[in-house]
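# Per-entry structural report
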Amino acid sequence: MERLVQGTRVLEVDPADPEPEVVAQAAAILRAGDVVAFPTETVYGLGANALSSEAVARIFAAKGRPSDNPLIVHIADTAQLEGLVESVPPTAERLMERCWPGPLTLVMRKGPAVPPEVTAGLDTVGIRMPDHPVALALIRAAGVPIAAPSANASGRPSPTTAEHVLEDLAGSIPAVLDGGETGVGVESTVLDMTTDPPMILRPGGLPREELEAAIGPVVLAPGVEGGTVERPRSPGMKYRHYAPQAPLILVEGPVLEMQEKIRDLAMEYAEEGKRVGILCSAESRGVYVAPVILEYGARGDLAGIASDLFGTLRAFDRHQVDVILAEGVPEEGLGLAIMNRLRRAAGGRVIRL
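Keep in mind that what you see is a predicted model, and the values were worked out from it rather than measured. (Residues numbered from 1 in each chain as written. Predicted model: local features only at pLDDT ≥ 70, side-chain atom pairs only at ≥ 80, totals over all residues. Heavy atoms only, no water.)

### What to know about the side chain of Lys 63
- Considering the arrangement of structural elements, one finds Lys 63 in helix H2 (residues 53–63).
- Look past the residues within four positions of Lys 63 in its chain and what remains in contact with it is Leu 46, Pro 149, Ser 150, Asn 152, Ala 153, Ser 154 and Leu 169. (Helix = DSSP H or I, 4+ residues; strand = E, 2+ residues; numbered from the N terminus. Contact = heavy atoms within 4.5 Å.)

Printed below as a string of structure tokens:
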């Protein structure tokens with residue numbers, strides 16, 4: 001089924017068994033040099049032909065994305081690496097065999113086929129193979145690797161449904177492949193293979209612990225746990241990112257201390273006449289009083305929290321809150337990626353107890 005939203009075609013597709021004729025329509029748009037939003041296992045991406053400077057420029061224009069923020073190139077087969085990278089290090093080969101397709105982006109020295117617009121002028125490029133039938137079918141049908149950041153307006157929470165894409169980009173892009181809700185909910189882990197040991201530039205859907213089980217120690221890049229970098233070598237390294245409309249204040253620390261601090265802050269903001277929103281675990285919901293209280297899930301279910309995080313952040317916009325107070329989560333497993341996204345969304349407004 002197809003519908004039109006402010007001039008953007010929404011092409012519904014079966015997420016498990018995508019109809020070739022529907023995918024072919026989106027692939028034709030890509031081959032013509034334009035952009036298409038499509039689902040991956042992490043979030044929706046906004047794709048363009050990765051080998052065309054002109055097509056890639058349309059991504060930046062549609063998103064309002066700074067040109068110094070590099071893109072990730074998506075492939076459907078390792079044969080497509082030819083020309084995209086100079087060579088594949090043995091450690092990267094092991095990760096490809098074990099973790100692709102999946103939420104892992106590998107940064108390697110770029111090859112001659114990659115336009116500078118994709119890499120923001122860097123000599124490296126991030127490559128991943130998404131684990132989603134629609135994404136893989138689209139890459140194969142287009143016949144080219146696809147450069148794709150998340151399909152949202154720059155700085156906003158990443159989209160995990162086609163409706164999220166349309167909230168930000170309806171009228172700005174020609175088409176969205178609607179394959180329903182994504183699964184992982186946070187973007188891929190970005191691992192720099194040009195350093196020894198490899199370095200996580202952005203934590204994501206593949207936890208650090210799984211990487212280390214496969215290849216041994218990896219380190220975290222400066223800025224992953226807070227702060228920013230002058231020249232980002234990966235998406236998601238900018239200071240404020242993934243942010244809802246209202247300012248978000250992140251409170252980190254022991255559960256009882258977090259709860260007490262958030263209750264105090266909620267009272268202070270309410271006395272100032274502000275409409276307060278609280279983002280918390282299911283276990284904490286009953287301890288707060290505020291106009292809007294949204295759960296990100298059970299504290300012990302980090303996969304569930306990751307899956308719902310961006311959608312919940314976007315929900316605060318619909319509730320028109322003036323400020324959001326958010327509980328932190330433990331940083332093991334997917335918690336590292338969740339906290340990275342919350343810290344970026346807070347843009348420096350972090351209270352550590």
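### Overview of unusual backbone geometry
- Cis geometry marks the peptide bond from Trp 100 to Pro 101, where omega comes out at -10°.
- With an omega of 0°, the peptide bond running from Asp 196 to Pro 197 counts as cis.
- Its identity is not glycine, yet Ala 120 carries a phi of approximately 55°, on the positive side.
- Residue placement: Ala 120 occurs in the loop between helix H4 (116–119) and strand S7 (124–128).
- Its identity as a non-glycine residue notwithstanding, Gln 320 has a phi of 55°, on the positive side.
- Within the secondary structure, Gln 320 is located in the loop between helix H9 (302–319) and strand S16 (323–327).

### As for the pattern of salt bridges
- The full count for this structure, using the stated rule, is 20 salt bridges.
- Residue Glu 187 is joined to Arg 341 by a salt bridge in which the shortest nitrogen-to-oxygen separation is 2.9 Å. Remark: Arg 341 occurs in helix H10 (residues 335–346) and Glu 187 occurs in the loop between strand S9 (175–178) and strand S10 (189–192); sequence separation between them is 154 residues. Across the pair, exposure class does not vary: Glu 187 and Arg 341 are buried alike.
- Notably, a salt bridge pairs Glu 252 with Arg 352, separated by 3.5 Å at the nearest N-O pair. (Salt bridge = Lys/Arg side-chain N within 4 Å of Asp/Glu carboxyl O. Buried < 20%, exposed > 50% of the residue type's maximum accessible area, 1.4 Å probe, protein only.)

### Things to note about the packing of H9 against H10
- Look at H9 against H10: their axes get within 9 Å of each other, and the N-to-C directions meet at 30°. As far as their axial angle goes, H10 and H9 are roughly parallel. The chirality of how H9 crosses H10 is left-handed. Contact residues: H9 offers Leu 302, Ile 305, Ala 306, Leu 309 and Phe 310, while H10 offers Gly 335, Ile 338, Arg 341 and Leu 342. (Axes fitted to C-alpha atoms, helices over the stretch in contact; angles between N-to-C directions. Parallel < 35°, antiparallel > 145°, perpendicular 65-115°, else oblique. Left-handed = near helix turned anticlockwise from the far one by under 90°.)

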